[in-house]
Each structure stands twice: as C-alpha cells, then as structure tokens.
Amino acid sequence: QLQLVESGGGLVQPGGSLRLSCAASGQTFSTYAMAWFRQPPGKEREFVSRISGNGGGTLYIDSVKGRFTISRDNVQNTVYLQMNSLTPEDTAVYFCAADGPPYSGAYFATSRYDYWGQGTQVTVSS
C-alpha cells in the first residue's frame, strides 16, 4: 500500500511556473505508474499526465503538452509535475494517484488508480 502527499501548490501569475511534488510512502513504489489529475472549481476531476514505473514512458493531455513535465525519482519515492507558462485555466486542485499492477483500465479514468493524495491547490491569477 502507498500513502501519497502532494505539495508545491500556491498562487502564481499567468505565465509563471510551479513544481508540484508527490511523496509516497509504502512498498514497491517503482511498480506503480503514477499520474496527476486536477479538479478545477465546480468541475469534475480530470486526467493531466502519467508516468510509467521506471520513468521511461510519459503522456499528457493536449492542453498541457509542451508546458508540463512529469518525472519521478524512485530513490526518493517522489513524482513531480513541473508546470510552466501557467494560465488561469490551470487553476485547480491537483492530485497525484498511483496505478499498481496489473495496470488494467483506461489510463485517464479515476477508477483505474489505487491510491490518491489529498491534493494541493494551484491558483493562477493576476
């Protein structure tokens, strides 16, 4: 089992950057694919990005490609989301999630993921 704790959110101006962190505690972190989701105010939680267990494979929704970078450090048991060129549309609570084997289901579906963090607020405003 894993416990996930997000950090790094805050208030930034449009065009600014933030790096989110998700620290994991538990066994076999490297066997979990990790993902970031976000939930804007008044909207459903949506998939943002995913990284494979060894960090070799990543994917992003189109709206963040070229701006966001997901990475992980399996020694520190941490996954990151570097967010650049932020816009007000990026304002949301950001959650990290862990997907353990057998990795079954749609990659973008919340139901696929076994563990979730508490979320960290990102606000992009001038």
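Before reading further, recall that the structure is shown in the block above.
The following paragraphs examine the structure supplied in this document.

Another aspect to go through is the side chain of Asp-99. Of note, Asp-99 is situated in strand β9 (residues 92-99). A distance of 2.6 Å separates polar atoms of two side chains, one belonging to Asp-99 and the other to Arg-112. Not counting residues within four places of it along the chain, the set of residues in contact with Asp-99 comprises Thr-31, Tyr-32, Ala-33, Arg-50, Arg-112, Tyr-113 and Asp-114.

With antiparallel pairing, four strands are arranged side by side in an open sheet as β1-β3-β8-β7. In the strand order of this sheet, the two ends are held by β1 (2-7) and β7 (68-73), each with one partner. For this sheet, the mean angle separating the axes of adjacent strands, direction not counted, is 15°.

So, on to the packing of aromatic side chains. Throughout the structure, instances matching the rule amount to seven aromatic pairs. Look at Phe-37 and Tyr-113: their rings are 5.2 Å apart centre to centre, the planes differ by 80°, and that puts the pair in the edge-to-face class. Placement of the pair is Phe-37 in strand β4 (residues 33-39) and Tyr-113 in the loop between β9 and β10 (115-116), with a sequence separation of 76 residues. A single burial state applies to Phe-37 and to Tyr-113, both of which are buried. Relative to Tyr-107, the ring of Phe-47 lies with its centre 5.2 Å away and its plane at 75°, an arrangement referred to as edge-to-face. Linking Phe-47 in strand β5 (residues 46-51) with Tyr-107 in the loop between β9 and β10, this pair joins segments that are 60 residues apart in sequence.

Membership of the largest hydrophobic core comes to 27 residues, with the highest contact counts inside it found for Met-34, Trp-36, Phe-68, Met-83 and Tyr-94. Of all the secondary-structure elements, those providing two or more residues to this core are β1, β3 (18-26), β4, β5, β7, β8 (78-83), β9 and β11 (120-124). With sequence-adjacent residues up to four places away left out, Phe-68 is seen in contact with Arg-38, Val-48, Tyr-60, Leu-81, Gln-82, Met-83, Asn-84, Leu-86, Asp-90 and Tyr-94.

Our focus in this paragraph is the pairing of β8. Of all six residues in β8, five are buried, a share of seventy percent or more. The pairing of β3 with β8 spans six bridges and is antiparallel. By the bridge assignment, Ala-23 is partnered in β8 with Thr-78. Hairpin connection between β7 and β8: a loop of four residues separates the two successive antiparallel strands, and Asn-77 in this loop has a positive phi of roughly 55°.

Let us look at the pattern of salt bridges. Applying the stated criterion across every chain, the model contains six salt bridges. Close ionic contact of Arg-38 with Asp-90 constitutes a salt bridge, the shortest N to O distance being 2.9 Å. One end of the pair, Arg-38, is in strand β4; the other, Asp-90, is in the loop between β8 and β9, with 52 residues separating them in the sequence. Note on accessibility: Arg-38 and Asp-90 belong to one class, buried. Of the charged contacts, one joins Arg-50 and Asp-99 as a salt bridge, the two residues approaching to 2.8 Å between their closest N and O atoms. Here Arg-50, found in strand β5, pairs with Asp-99, found in strand β9; they are 49 residues apart in sequence, far enough to count as distant. Judged by its relative accessible area of 11%, Arg-50 falls in the buried class. Three or more residues are tied together by salt bridges with common partners; here these are Arg-38, Glu-46, Arg-67 and Asp-90.

Criteria and thresholds
- Residues numbered from 1 in each chain as written.
- Predicted model: local features only at pLDDT ≥ 70, side-chain atom pairs only at ≥ 80, totals over all residues.
- Heavy atoms only, no water.
- Helix = DSSP H or I, 4+ residues; strand = E, 2+ residues; numbered from the N terminus.
- Polar contact = N/O pair within 3.5 Å; in protein donor to acceptor, adjacent residues only side chain to side chain.
- Contact = heavy atoms within 4.5 Å.
- Pairing = 2+ DSSP bridges.
- Axes fitted to C-alpha atoms, helices over the stretch in contact; angles between N-to-C directions.
- Phe/Tyr/Trp six-rings, centres within 6.5 Å; stacked < 30°, edge-to-face > 60°.
- Buried < 20%, exposed > 50% of the residue type's maximum accessible area, 1.4 Å probe, protein only.
- Core = buried A, V, L, I, M, F, W, Y, C linked by side-chain atoms within 4.5 Å.
- Salt bridge = Lys/Arg side-chain N within 4 Å of Asp/Glu carboxyl O.

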